[in-house]
Amino acid sequence: MDEKYNGLNEENQEGTKKNEKKNESRQGIPVSDGTGVSGVPADSEESPKQSVPVPEEDAKEIELSVEDAEDALPMEEEDPVLSAEDAEDTEPELSLEDGEELEEDEFFDSLEEEQELTDEEKAARRKKRKKIAAIVCGSVLGAVVIVYLGFAVFFMSHFYFNTEINGVQFSASTVSDVESYMENQVQNYELTLLESDGGTEVIDGSDISLSYEEGEELEALLRSQNPLLWICCLWETPEITASVGVSYDEDRLTELINSLECMKPENQTAPENARPEFDGNEFVVKAEVTGKTIDTEVFPEKVREALDGFQDTLDMTEEGCYVKPKYTEESQEVADACTAMNQYLRASITYTFGSATEVVDKNLISQWLTVDDNMAVTFNTDAVSQYIQELANKYNTYQAQRTFTSGSGNTVSVEGGDYGWIIDKDAEYQALTASIQNGEVITKEPAYSQTAATHDGPDWGNTYVEVDLTNQYMYLFVNGAVVTSGPIVTGKPSAGDATPQGVYSIKYCQRNAVLRGPLQSDGTYEWESPVSFWMPFNGGIGLHDAPWQAAFGGDRYLTHGSHGCVNLQYAVAETTFNNVQAGTPVVCHY
């Protein structure tokens, strides 16, 4: 019996020492070689309490004397002796501090145990964790699938969320719900026609014996939706247009349509095509005008569709109930025409007429561009010709009446003659059209078939010969100053040789010429007059000296007038000859 007890006691002591070593190794405390901890004797009051677990059946058999205990436990001091009753009654006693120490021991034991695990054991633990996560995810996914399929089953007998049938909301409704609604609405049904000018007309259901009839259309619509795709209706709005089982009197409907105000010819206007329009800067597409001409084939059909769909309004413009223009603002032909026409607008031609200018730019060119019924661009050449003619009318001075201040200081007018500006209209037409088509930006004078000295003031400028037929006097102006002047003798009116008025120019200048009259049948001239200075300006009429004239000025031209020439005093003729040349203007006026 003593040997058995001693064996148990030794086992308990070994277990206690092992625990003490673990604690000391964790806390960094050296292990004592005595019976106490950290140098404290085992029988000291500070020694940690220990209990010895003894099986109940063995404790009952053990009876130890003091001597047996001394022999069994080799300690310097006496240890307490346990009787069988003491062993039975002994229970472990733990304080709060003991509990905290045990939790700390368990943590370090678990940490050490984790560190002591092999790679295979760690892999097994990771696999276990993944398995648990997979089970959780699978459970969540399964729940989602069940909910989704539940909605799919629901939508086997219900329309999707947000479903509209013929413009009416039937979200998550059954066929019966839709049919009940239709049946209730048919009693007071009216179809309102929205016309293009904002007017309205009404077709009353009672006027055409409208009634509701159940059919298979709604069931077919429900079957056509895929229940498994119900999720799509959360961000989409299914819009359905369908016949919902109505009947009406066809003949009465036709009669009612034909009696509508919008069907009367006097209330209809023709449509207008979209077309290029100049906005002040470029050609842009002007939208088409639908007009109010009813399409007699489309309109009745759209009315029937509205009735079959149990719609409360019919927008006649949106539904195409009017005759459509051939070209709309979306038509590529109109856009192409705008592009082609805008190419012409790049040009800018500035004409100069002295200090005056005339500009041909986009504002004018745009008026010369049109499109035909097929959107083919046409450049109006007749308009170009007309414009050039207007320039000629404004700036040509040839034979035009001019008003100026004469050498005598009087304001006089003159017209006729062969001097002045003449625009070459044919040449300028070609030049202008080419400049526009090439998009040129230039400043130029127009093409002229004849020019003059200036555009500002009298076109003959400030160097010219003035012949005053009324006062029988001549002035020579050079750069605005009178160089010479004097009395003259002009053509004899009574003989039909009066000197004509008008603005001319000297054709050439010749010294020592012989002036001759008409050639006679015998080969001689009717008259011959040698002169020193000859300056013709109007055919055979010119300026020259006249040594045969005894006097100049006054009324001498009436009795001793010339054959049309302007007779000058010799000194005046000589000075004039020396200061003029071919092209110098000659102004003859009364």
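Keep in mind it's a predicted model, so treat the numbers as computed, not measured.

Time to look at the pattern of salt bridges. Summed over all chains, the structure comprises 13 salt bridges. Glu 358 is paired through a salt bridge with Lys 394; the nearest N and O atoms lie 2.8 Å apart. Highlighted residues: Glu 358 in strand 12 (residues 356-360) and Lys 394 in helix 13 (residues 381-395), separated in sequence by 36 residues. Look at Lys 394 and you get exposed, because its relative accessible area is 56%. As a salt-bridge pair, Lys 444 and Glu 428 come within 3.2 Å of each other at their nearest N and O atoms. On the criterion of sequence distance, the pair formed by Lys 444 in strand 18 (residues 441-444) and Glu 428 in helix 14 (residues 425-437) is long-range, its members being 16 residues apart. For Glu 428, a relative accessible area of 1% puts it in the buried group.

A word on the sheet that holds strand 3 (residues 190-194). The mixed open sheet is built from three strands, whose spatial order is 4-3-10. Looking at the sheet topology across the chains shown, the edges are occupied by strand 4 (200-204) and strand 10 (313-315). Across the sheet, the mean angle separating the axes of adjacent strands is 20° when strand polarity is ignored. The sheet contact formed by strand 3 and strand 4 spans five bridges and is antiparallel.

With that out of the way, let us pick up unusual backbone geometry. One non-glycine residue with positive phi stands out, namely Ala 172, at about 55°. Backbone geometry at Asn 512 places phi at a positive 55°, although glycine is not the residue there. Examined against the element boundaries, Asn 512 turns out to sit in strand 24 (residues 510-516). Residue Asn 512 is classed as exposed on the basis of its relative accessible area of 54%.

Moving on, we get to the nonpolar core. Soluble globular proteins tend to bury their nonpolar side chains together. In this structure, Val 360, Trp 368, Tyr 387, Leu 432 and Ile 436 are the most contacted members of the largest nonpolar core, which totals 39 residues. Taken together, the elements giving at least two residues each to this core come down to helix 11 (332-344), strand 11 (348-353), helix 12 (362-365), helix 13, strand 16 (411-414), helix 14 and strand 21 (473-478). If one sorts the elements of this core by residue count, helix 13 sits on top with seven residues. With 36 residues, the next largest nonpolar core counts Phe 170, Leu 191, Leu 193 and Leu 253 among its residues.

Glancing now at helix 8 (residues 217-224). By the burial criterion, the buried members of helix 8 are Leu 218, Leu 221 and Leu 222. All buried residues of helix 8 lie within an arc of 100° about the axis, which places them on one face of the element. Residues of helix 8 that are exposed and angled more than 90 degrees away from the buried face: Arg 223 and Ser 224.

On the surface, a cluster of positive charge is contributed by Lys 122, Arg 126, Arg 129 and Lys 130. Inspection of the secondary structure puts Lys 122 in helix 6 (residues 119-154).

Working note: a packed helix pair is described by the angle between its axes plus the distance between those axes. One can describe the packing of helix 9 (residues 250-258) onto helix 10 (residues 298-308) by two numbers: an axis separation of 11 Å at closest approach and a directional angle of 125°. Put simply, helix 9 runs oblique to helix 10. Between helix 9 and helix 10 lies a crossing of right-handed hand. Between helix 9 and helix 10, the contacting residues are Glu 250, Leu 253, Thr 254 and Ile 257 on the first element and Phe 299, Pro 300, Val 303, Arg 304 and Leu 307 on the second.

Attention shifts here to the pairing of strand 9 (residues 283-286). Taken together, the four bridges between strand 8 (residues 275-278) and strand 9 define a ladder with antiparallel strand orientation. Across the sheet, the residue bridging to Phe 278 is Phe 283, located in strand 9. Hairpin remark: strand 8 followed by strand 9, antiparallel, with four residues in the connecting loop; positive phi at Gly 280, about 100°.

This part covers the packing of helix 13 against helix 14. Close contact between helix 13 and helix 14 brings their axes to 10 Å; oriented N to C, the two are set at 125°. When the axes of helix 13 and helix 14 are compared, the pair comes out oblique. As helix 13 runs across helix 14, the sense of the crossing is right-handed. From helix 13, Thr 381, Val 384, Ser 385, Tyr 387, Ile 388, Gln 389 and Ala 392 reach across to helix 14, where they touch Lys 425, Glu 428, Tyr 429, Leu 432 and Thr 433.

Another aspect to go through is a nonpolar patch on the surface. Judged by side-chain polarity, Ile 132, Val 136, Val 140, Leu 141, Val 144, Val 145, Leu 149 and Leu 228 come together as a nonpolar surface patch covering roughly 710 Å² of accessible area. Take Ile 132: it is sitting in helix 6. Here Ile 132 falls in the partly exposed class, since its relative accessible area comes to 47%.

Now for the confidence of the model for the chain. Chain-level statistics for the chain give a pLDDT mean of 83 and a share of 79% at 70 or above. Every residue in residues 1-12 is under pLDDT 50, and counting partners more than four places away or in other chains gives 15 contacts. Note that pLDDT drops below 50 for residues 21-97; the model gives that stretch 61 contacts with residues more than four away or on any other chain.

Geometrically, a pair of aromatic rings is defined through the distance of the ring centres and the angle of the planes. Applying the stated criterion across every chain yields a total of 23 aromatic pairs. On the numbers, 6.1 Å between centres and 20° between planes, the contact of Phe 155 with Trp 230 is stacked. Taken together, the residues span a long stretch of sequence, with Phe 155 in the loop between helix 6 and strand 1 (164-165) and Trp 230 in the loop between helix 8 and strand 6 (239-240) at a distance of 75 residues. We classify Phe 155 as buried; its relative accessible area is 0%. Trp 230 gets classed as buried once you look at its relative accessible area, which sits at 8%. Each ring, one from Phe 533 and one from Phe 577, has its centre 5.5 Å from the other, and the planes form 50°; the classification is tilted. Placement of Phe 533 in strand 25 (residues 528-538) and of Phe 577 in helix 16 (residues 570-579) is noted, with a sequence separation of 44 residues between them. Residues Phe 533 and Phe 577 agree in their burial class; the two are buried. Members of the aromatic cluster, joined through ring pairs, are Tyr 148, Phe 151, Phe 154, Phe 155, Tyr 160, Phe 161 and Trp 230.

Looking now at helix 9. Each α-helix turn comprises 3.6 residues. Residues three or four places apart therefore point the same way. Taken as a whole, helix 9 has its buried residues at Leu 253, Leu 256 and Ile 257. Buried residues of helix 9, viewed axially, fall in a sector of 100°; they line one side. Across from the buried face of helix 9, at angles greater than 90 degrees, the exposed residues are Asp 251 and Glu 255. The secondary structure elements touched by the buried residues of helix 9 are strand 4 and helix 10. Measuring from the backbone nitrogen of Asp 251 back to the side-chain oxygen at the start of helix 9 gives 3.1 Å, which picks out Asp 249 as the cap.

With respect to topology, three strands assemble into an open sheet ordered 12-11-18, the strand pairing being mixed. The strands lining the two open edges of the sheet, one partner per strand, are strand 12 and strand 18. Going across the sheet, the axis of each strand differs from the next one's by a mean of 15°, ignoring polarity. As paired strands, strand 11 and strand 12 are joined by five bridges and run antiparallel to one another. Each bridged residue has a counterpart across the sheet, and for Ile 349 the counterpart in strand 12 is Val 360. With respect to the sheet, helix 13 is in contact with strand 11 and strand 12, its orientation differing from that of strand 12 by roughly 175°.

About the criteria used
- Residues numbered from 1 in each chain as written.
- Predicted model: local features only at pLDDT ≥ 70, side-chain atom pairs only at ≥ 80, totals over all residues.
- Heavy atoms only, no water.
- Salt bridge = Lys/Arg side-chain N within 4 Å of Asp/Glu carboxyl O.
- Helix = DSSP H or I, 4+ residues; strand = E, 2+ residues; numbered from the N terminus.
- Buried < 20%, exposed > 50% of the residue type's maximum accessible area, 1.4 Å probe, protein only.
- Pairing = 2+ DSSP bridges.
- Axes fitted to C-alpha atoms, helices over the stretch in contact; angles between N-to-C directions.
- Core = buried A, V, L, I, M, F, W, Y, C linked by side-chain atoms within 4.5 Å.
- Arc of directions from axis to C-beta.
- Patch = residues over 30% accessible without salt bridge, like charges linked within 9 Å, V, L, I, M, F, W, Y side chains within 5 Å.
- Areas by Shrake-Rupley, 256 points an atom, 1.4 Å probe, with all protein chains shown as cover.
- Lys, Arg positive; Asp, Glu negative; His and termini not counted.
- Charge placed at Lys NZ, Arg CZ, Asp CG, Glu CD.
- Parallel < 35°, antiparallel > 145°, perpendicular 65-115°, else oblique.
- Left-handed = near helix turned anticlockwise from the far one by under 90°.
- Contact = heavy atoms within 4.5 Å.
- pLDDT = per-residue confidence, 0-100.
- Phe/Tyr/Trp six-rings, centres within 6.5 Å; stacked < 30°, edge-to-face > 60°.
- Polar contact = N/O pair within 3.5 Å; in protein donor to acceptor, adjacent residues only side chain to side chain.

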